[in-house]
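# Coordinates in review
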Amino acid sequence: MLSGQDLSKTFGTRTLFTGVSLVVEDGERVALIGPNGSGKSTLLKILAGQVDADEGKVWTRKGVRAAYVAQADQFPAGSTVLSAVVTDLSSARDAGQAPHVHDDHEVELAAELTLRRAGFEDLDRPTEVLSGGQRKRLAIARALSREPDVLLVDEPTNHLDVDGIEWLEGVLRTCGSATVFVTHDRMMLENLPTRVVELARSYPRGTLSVSGGYTEFLRRKQEFLDGQAQQEKSLANQVREDLRWLSRGAKARRTKSKSRITASHERIEELAELRARNSPAKAAGIDFSATGRQTVKLVAGRALTKSLGGRRLFTDVDVLLSPKQVLGLVGPNGSGKSTFIKVLTGEMEPDAPTPEAVKAAAEAVNVPIGTPAPGTIQRAEKLRVIVFSQHRTELDPSETLQDALSPHADSVIYQGRPLHVKSWASRFLFTAEQLKQPVRALSGGEQARVHIARLMLESADVLVLDEPTNDLDIASLEVLEDSIEEFAGAVVLVTHDRAMVADQATQILAFDGKGGARYFTDYEQWQEWREREDKKGSAGKSSSEKGGSTKGGASAPAGEAPGTVTSGGEAPRPAKKKLSYNEQRELAAMESNIEKAEAEVARLEAEINDPKVSSDHRKMQDVYRKMGEAQERVAALYRRWEELA
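Owing to the predicted nature of the structure, the values given are computational and were not obtained by experimental measurement.

Once that is clear, we can look at the pattern of salt bridges. All told, the structure shown has 22 salt bridges when counted by the stated rule. With its nearest N and O atoms 2.8 Å apart, the salt bridge here joins Arg 219 to Glu 216. In this pair, Arg 219 and Glu 216 are both assigned in helix H7 (residues 214-247), 3 residues apart and thus about one turn of the helix distant. Classification of Glu 216 by relative accessible area gives partly exposed; the value is 22%. Connected through salt bridges with shared partners, the residues Arg 93, Asp 94 and Asp 104 form a single ionic network.

Taken as a whole and judged by the stated rule, the model has 9 aromatic pairs. Ring centres 6.3 Å apart and planes at 15° place the aromatic pair Tyr 214 and Phe 217 in the stacked group. Here Phe 217 and Tyr 214 lie together in helix H7, a separation of 3 residues that amounts to about one turn. The buried category is assigned to Phe 217, whose relative accessible area is 1%. Feature note: the residues Phe 314, Phe 340 and Phe 511 constitute an aromatic cluster, connected by ring pairs. In this structure, Arg 449 packs its charged tip against the face of Phe 430, placed 5.1 Å from the ring centre.

Attention now moves to the confidence of the model for the chain. Across the chain, the average pLDDT comes to 83, with 90% of residues at or above 70. Within the model, the stretch residues 541-576 combines pLDDT values under 50 with 44 contacts to residues more than four positions away or in other chains.

Quick look at the pairing of strand E5 (residues 66-69) now. Only one face of E5 is covered, namely the one carrying Ala 67 and Val 69; the face carrying Ala 66 and Tyr 68 has none of its residues buried. The pairing of E5 with strand E6 (residues 150-154) spans 4 bridges and is classified as parallel. Bridged to Tyr 68 within E6 is Leu 152.

A few words now on the packing of helix H2 (residues 81-94) against helix H3 (residues 104-117). Their axes nearest at 9 Å, the elements H2 and H3 cross at an angle of 130°. Taken as axis vectors, H2 and H3 run oblique relative to one another. The interaxial crossing formed by H2 with H3 has right-handed handedness. Note on element contacts: H3 touches H2 through Asp 104, Val 107, Glu 108, Ala 110, Ala 111, Glu 112 and Leu 115, opposite Val 81, Leu 82, Val 85, Val 86, Leu 89, Ser 90 and Arg 93.

Quick look at the sheet that holds strand E20 (residues 490-494) now. The strand order across the open sheet formed by 6 strands is E15-E19-E20-E13-E21-E22, and the pairing between neighbours is mixed. Two strands bound the open sheet, and with one partner strand each, they are strand E15 (385-388) and strand E22 (517-520). Ignoring which end each strand starts from, the neighbouring axes of this sheet average 15° apart. Sheet topology note: the strand E13 (residues 326-330)/strand E21 (residues 507-511) ladder contains 4 bridges and is parallel.

Although it is not a glycine, Ala 303 sits at a positive phi angle of roughly 50°. Within the secondary structure layout, Ala 303 lies in strand E11 (residues 299-308). On the accessibility criterion, Ala 303 (7% relative accessible area) is buried. Its identity is not glycine, yet Asp 316 carries a phi of approximately 50°, on the positive side.

Here is the key point about a regular strand: its side chains alternate between the two faces of the sheet. Here E21 runs beside E22; their pairing, made up of 4 bridges, is antiparallel. Across the sheet, Leu 509 pairs through a bridge with Tyr 519, a residue of E22. If you look at the hairpin formed by E21 and E22, you'll find 5 residues sitting between the two strands, and Gly 513 has a positive phi there, around 80°.

Now for a negative patch on the surface. Together, Glu 478, Asp 482, Glu 485, Glu 486 and Asp 503 make up a region of like negative charge exposed at the surface. Following the sequence through the fold, Glu 485 ends up in helix H14 (residues 474-486).

Right, let's get into the nonpolar core. Grouped together as the largest cluster of nonpolar side chains are 48 residues, with contacts concentrated most on Leu 115, Leu 138, Leu 151 and Phe 217. No other element matches the 7 residues that H2 contributes to this core. The next biggest cluster of nonpolar side chains, apart from the first, holds 37 residues, and it includes Val 412, Leu 435, Leu 455 and Ile 484.

Here we come to the side chain of Ser 322. The topology assignment puts Ser 322 in the loop between strand E12 (311-321) and E13. Non-local contacts of Ser 322, meaning those with residues more than four positions away in its chain, are made with Val 296, Leu 298, Gly 489 and Ala 490.

Think of a sheet as strands paired side by side through backbone hydrogen bonds, with each pair either parallel or antiparallel. Strand order in the open sheet made by the 6 strands is E5-E6-E7-E3-E8-E9, with mixed pairing throughout. The open sheet is flanked by E5 and strand E9 (207-211), the only strands paired with a single partner. The sheet shows a mean angle of 15° between the axes of neighbouring strands, direction not considered. Pairing between strand E8 (residues 195-199) and E9: 5 bridges, direction antiparallel. Residue Arg 195 lies in a different strand from E9, and its bridge partner there is Ser 211. Contacting E5 and E6, helix H4 (residues 132-144) crosses the sheet at an angle of about 170° to E5.

The rules behind the values
- Residues numbered from 1 in each chain as written.
- Predicted model: local features only at pLDDT ≥ 70, side-chain atom pairs only at ≥ 80, totals over all residues.
- Heavy atoms only, no water.
- Salt bridge = Lys/Arg side-chain N within 4 Å of Asp/Glu carboxyl O.
- Helix = DSSP H or I, 4+ residues; strand = E, 2+ residues; numbered from the N terminus.
- Buried < 20%, exposed > 50% of the residue type's maximum accessible area, 1.4 Å probe, protein only.
- Phe/Tyr/Trp six-rings, centres within 6.5 Å; stacked < 30°, edge-to-face > 60°.
- Lys NZ or Arg CZ within 6 Å of the ring centre and 35° of its normal.
- pLDDT = per-residue confidence, 0-100.
- Contact = heavy atoms within 4.5 Å.
- Pairing = 2+ DSSP bridges.
- Axes fitted to C-alpha atoms, helices over the stretch in contact; angles between N-to-C directions.
- Parallel < 35°, antiparallel > 145°, perpendicular 65-115°, else oblique.
- Left-handed = near helix turned anticlockwise from the far one by under 90°.
- Patch = residues over 30% accessible without salt bridge, like charges linked within 9 Å, V, L, I, M, F, W, Y side chains within 5 Å.
- Areas by Shrake-Rupley, 256 points an atom, 1.4 Å probe, with all protein chains shown as cover.
- Lys, Arg positive; Asp, Glu negative; His and termini not counted.
- Charge placed at Lys NZ, Arg CZ, Asp CG, Glu CD.
- Core = buried A, V, L, I, M, F, W, Y, C linked by side-chain atoms within 4.5 Å.

Structure, rendered in structure tokens:
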């Protein structure tokens, strides 16, 4: 469908990638991952024709139509939900890129149908008032209205809530387009791709491509890196022999000596390149500082209620934040999570308590001393709270990176010790050359790291993380998780990264978007409750029917694994079809074919451990290539077996 061959791109003195190739087959869902700054977004723009490569070329099969969804969602000034899609689809029709529509009536009809499927009801709503999640949905719907053969999407999960991400997974799985998407959402990486491609300098051609999900990718990546490390070890032994031979002052008069000298220098250069590739990838040094306060009640609120614009966001919510607690806030966009944070931090005051809360408080007995009154919050004396805002408005785009990291001096004070700004910058993977660059020149992930660096200079009792994962690469996400685990204070966490909230939250507070909120012991219990509610809703049952109390322990429905997606965004599964005669024969022979393929993998693994092979780096490289191909055959056979079964 789409092919990029030997692509290279440099910005100023910074080389993003060199000699990278990527081929997209019909029906594939390719996840493109890699460290911040590796060039993922740039590569996607090159494939989409938005940016020219310095070297290499992009080839598209004749008649193939591609659509691109950028990381930043932009719509014409004064546009509505419907007009934004209609205008784009009309332009595509006029350019011959939308053959399924022929006139203005068909354009408007196609736009409306696509928007309805994307969950939009008010098509006349101005795009300027849409939330970040709604704008992302609209951008994806706009691209889908073109009915593209290839869909290229950059960071589609940013600003989407859990419902939105599950809708997106369903759309990308069933839309029929070959898809290339950049994401750091580890759960999406496990659920959606047919292939994962990492763009990084650790690989000889700049990428590593593995069929399957993220777990399979990590396994194969480790095998590759282990093999590459073994290759470096073998080559280093040969280079040591070369250096001993060269140090004896061998004469280069004869052809044999000249060829050996040439081969020696080639091996030395190859070893240097291997060592550069094998050097461990760095991750940002994230480590938030706690004050060490041992107060049990850092923040306590009772029967908190808040409405905005005449709409009730949450009602009679109790909250208690203590050291080592991680409270995960979940719910649809606009359900009140950010407002709840503002109430906790004192940026907003809660509304007056409801009559029900006042009555319950009056009737309560044995109330502990110090319990706050309904509708009020108590905070520990001199409570220190730091907030990671999803909007990051604190950063001035025009100031230099150095001023952003250390505005008043050329050093910072971290955990009581002075650090030069260059050392502080390198902790967050910035080079000395970048210190003079303006903040606007940094990528989204780099700006997120600047924001984290500034917050780390303060110690806190309560750490509020409002969508901290936007734009961060997977390595930085894992370091951030480690920092949350080690933080001695309380953490309030809002994130669309389902893996992070599932792993880190010690308690879940779920907002339903209708003025209600309830607690769950963990993310899995909330997901199970959502699935039950979805099933009850689809069956037309009353919402008051037995099935999920505010504090109850929900369990997974019989026969279903926890976390199963039952969102309406995914199309129903097609009915099973009968196997043809040839397919029946193929299925009957599948187990034997898999055994043979796995035996070939085992044979090659034994060959790798053969000293005769491990001492010859060229043989070693050839065996690793063959083993990769054999493992790919095994994975393909298992996928085919699953399809036939």
